[in-house]
Amino acid sequence: MSQITAHLRLNLSAFDLDMELTAPGSGVTALFGPSGSGKTTFLRLIAGLSRPDSGFFKVNGEVWQDSDSALFMPPHKRPVGFVFQDSRLFSHLTVRENLLYGYNRLPVERRIVKIDDVIRWLSLESLLARYPSMISGGQRQRVSIGRALLRSPRLLLFDEPLASLDSEGKSEILHYLETLKDELPAPSIYVTHSMDEVARVADHMALVRDGKIIRSGPVAQMFTSLDSPLALDEEAGAALDAVVIGHDSEYHLTTLKFAGGIMSVSNSGLSVGTRVRVRVIASDVSLSLNKPEGSSVLNVLEAVVTGVAEKSLSQVIVGIDAGGAGLLARITKKSAFALGIRPGVKVYALVKSVAVIT
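First, a word on what this report is: a plain description of the structure on this page. (Residues numbered from 1 in each chain as written. Predicted model: local features only at pLDDT ≥ 70, side-chain atom pairs only at ≥ 80, totals over all residues. Heavy atoms only, no water.)

Before going further, it helps to examine unusual backbone geometry. Despite not being glycine, Ala70 has its phi angle at roughly 55°, a positive value. Within the secondary structure layout, Ala70 lies in the loop between β5 (62-66) and β6 (71-72). Given the relative accessible area of 70%, Ala70 is considered exposed. Non-glycine residue Ser152 carries a positive phi angle of around 45°. Examined against the element boundaries, Ser152 turns out to sit in the loop between α4 (137-149) and β8 (155-159). (Helix = DSSP H or I, 4+ residues; strand = E, 2+ residues; numbered from the N terminus. Buried < 20%, exposed > 50% of the residue type's maximum accessible area, 1.4 Å probe, protein only.)

Right, let's talk about the sheet that holds strand β19 (residues 325-332) for a bit. Strands in a sheet are paired, the pairing made by backbone hydrogen bonds, and the direction either parallel or antiparallel. With antiparallel pairing, 5 strands are arranged side by side in an open sheet as β16-β20-β17-β18-β19. With partners counted over all chains shown, the strands left at the sheet margins are β16 (285-288) and β19, one partner each. Sheet twist, expressed as the average angle between the axes of neighbouring strands with direction ignored, equals 45°. Bridge count for strand β17 (residues 299-310) against strand β20 (residues 346-351) is 6 bridges, and the pairing is antiparallel. Each bridged residue has a counterpart across the sheet, and for Val300 the counterpart in β20 is Leu350. (Pairing = 2+ DSSP bridges. Axes fitted to C-alpha atoms, helices over the stretch in contact; angles between N-to-C directions.)

There is a patch of like negative charges on the surface, built from Asp16, Asp18, Glu20 and Asp53. Along the chain, Glu20 turns up in strand β2 (residues 16-24). (Patch = residues over 30% accessible without salt bridge, like charges linked within 9 Å, V, L, I, M, F, W, Y side chains within 5 Å. Areas by Shrake-Rupley, 256 points an atom, 1.4 Å probe, with all protein chains shown as cover. Salt bridge = Lys/Arg side-chain N within 4 Å of Asp/Glu carboxyl O. Lys, Arg positive; Asp, Glu negative; His and termini not counted. Charge placed at Lys NZ, Arg CZ, Asp CG, Glu CD.)

With that settled, the discussion passes to the sheet that holds strand β9 (residues 188-192). The strand order across the open sheet built from 6 strands is β7-β8-β9-β3-β10-β11, with neighbouring strands paired in mixed fashion. The open sheet terminates on both sides in strands that have one partner only, identified here as β7 (80-83) and β11 (212-218). Between one strand axis and the next, the sheet turns by 15° as a mean value, whatever way the strands run. Sheet topology places β8 next to β9; 4 bridges connect them, and they run parallel. Within β9, the residue paired with Phe158 across the bridge is Tyr190. Helix-sheet contacts for helix α1 (residues 39-47) involve β3 (28-32), β7, β8, β9 and β10 (204-209), and the interaxial angle to β8 is about 150°. In this fold α4 packs onto β7 and β8, with an angle of close to 170° to the strand it touches most, β7. (Contact = heavy atoms within 4.5 Å.)

The structure is reproduced here in structure tokens:
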């Protein structure tokens, strides 16, 4: 089984970093947590740019460091592609020359990722002859991602790649990261403090607090587990995988199928058969013991209550299971009492808003 395994320790002035991570050896794993919690430091340790006091790191069967056996692979020998917060492009080189900088230094037998593929994946055709000063921040970050891919890495590292971008640039890069997920040649570790970014690009996530990973697991499970701090966040909600199965041209709606049944969303323009991820925020879900009639809410799902957690003096978060899909509903304590909400109770979930995020 392919897997990333790390246990790295480093004494810092603010706290002792002691992070232990086990993650899938494919797909995107997000390190999620507040600024200053140690996420970037952990990424630098993985890349070999900083050296831990002690630890172990293994990527899909290959050990890169092990303090017990005095093994430490230096950074220039680690097959890593690193995308920083800023693009860090060479200002005196064109886009094409920046892309080829690391590629040309790779032995021919290690060149797995093709130049033409990267240019096509990231829509860089029109930028190749330009210099970094002549393109936007989002475009520069696309070039930075392309340069990392052309190292044919066995591990990709993203250190808050949207942090220095405006909203338009963030939207641009998120679009490319979403479409690239199936093309990435290696597993990725993606550092962020944005739940929206996690929902859009990650398959697995680890929660980081004060230099420690306090919990990790698949994104869908982490978002809706009531014993996870994410469930009590103001942005709490579910991330569901679905597929487009049809369109209603008269009312401009798209029909999605997911584990819990069928949902309608505003026309997405996506082709039938397209796999998407949708976000359902807890505050947009209300509960009823009876199937509502004469309601303006289109998405009504049969579900079973799995748990209840207190959010505040007046509100609770209710975990529900809709045919195998986990959802959250934020309701008042008064409503929960009146409805007799407790584990095992059958309910109807009224989903007022569904956002297609990829």
